[in-house]
Amino acid sequence: MGENANSAEQLRAIEDAPVLTRAASAGERALGALSVLALFAVLAVAATREIPLVVGIVVLLLALGLLLGWRWFHLRAPGRRPHTKAEEWTAFLGPVSLAIPGLGLLWNNPVALPGALLAAAVPTAVLAGYLVLRWRR
């Protein structure tokens, strides 16, 4: 009799356990796509212009905030699976990759459009890769 009661408690505990396979909502995916487009556009436009140092710093801080914001969102979101090693490395490479367009922004060294697009594409691709890794099933 004691074993049956223990089994019933164990089954209730299993049923009450959180599910870690909750998929991303359509709104989250749309916001992620919008974030990727905004990051690319802002970094590319800022890299082609001659902007003051303060504006360059603000652009880089906003880009860093966007990258870290997505990571923190996924770390704190209830019902989500833990990060894999690939996701951890991709999340680490995001802020590091901001150095590519960031050097031009901080030194007020505008580049031609193809160079600006290439420089902006690297951190954008890292963010897109991180989001795709988090959303895959």
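Thresholds, definitions, all that
Residues numbered from 1 in each chain as written. Predicted model: local features only at pLDDT ≥ 70, side-chain atom pairs only at ≥ 80, totals over all residues. Heavy atoms only, no water. Helix = DSSP H or I, 4+ residues; strand = E, 2+ residues; numbered from the N terminus. Expected span 1.5 Å × (residues − 1). Bend = angle between axes of the 7 residues up to and from the residue. Buried < 20%, exposed > 50% of the residue type's maximum accessible area, 1.4 Å probe, protein only. Contact = heavy atoms within 4.5 Å. Axes fitted to C-alpha atoms, helices over the stretch in contact; angles between N-to-C directions. Parallel < 35°, antiparallel > 145°, perpendicular 65-115°, else oblique. Nonpolar A, V, L, I, M, F, W, Y, C, P; charged D, E, K, R; others polar.

### Focus on helix 6 (residues 113–135)
With 23 residues, helix 6 extends 32 Å between its outermost C-alpha atoms, agreeing within 8% with the 33 Å of an ideal straight helix rising 1.5 Å per residue. Ala121 marks where helix 6 bends most, by close to 30°; the proline Pro123 follows one to four residues later. Every buried residue of helix 6 is accounted for by Ala116, Ala119, Ala120, Pro123, Thr124, Val126, Leu127, Tyr130, Leu131, Arg134 and Trp135. Elements in contact with the buried residues of helix 6: helix 2 (26–48), helix 3 (53–76), helix 4 (85–97) and helix 5 (99–106).

### Thoughts on the side chain of Glu28
With respect to the secondary-structure elements, Glu28 resides in helix 2. Once you skip the residues sitting within four places of it in the chain, Glu28 turns out to touch Trp70, Phe73, His74, Arg80 and Trp135.

### So, the packing of helix 4 against helix 5
In the contact formed by helix 4 and helix 5, the axes pass within 6 Å of each other and the chain directions differ by 20°. Accordingly, the angle class assigned to the pair helix 4 and helix 5 is roughly parallel. On the side of helix 4, the interface is formed by Pro95, Val96 and Ser97, while helix 5 contributes Ala99, Ile100 and Pro101. Grouping the amino acids of the contact of helix 4 with helix 5 by side-chain chemistry returns five nonpolar, one polar and no charged.

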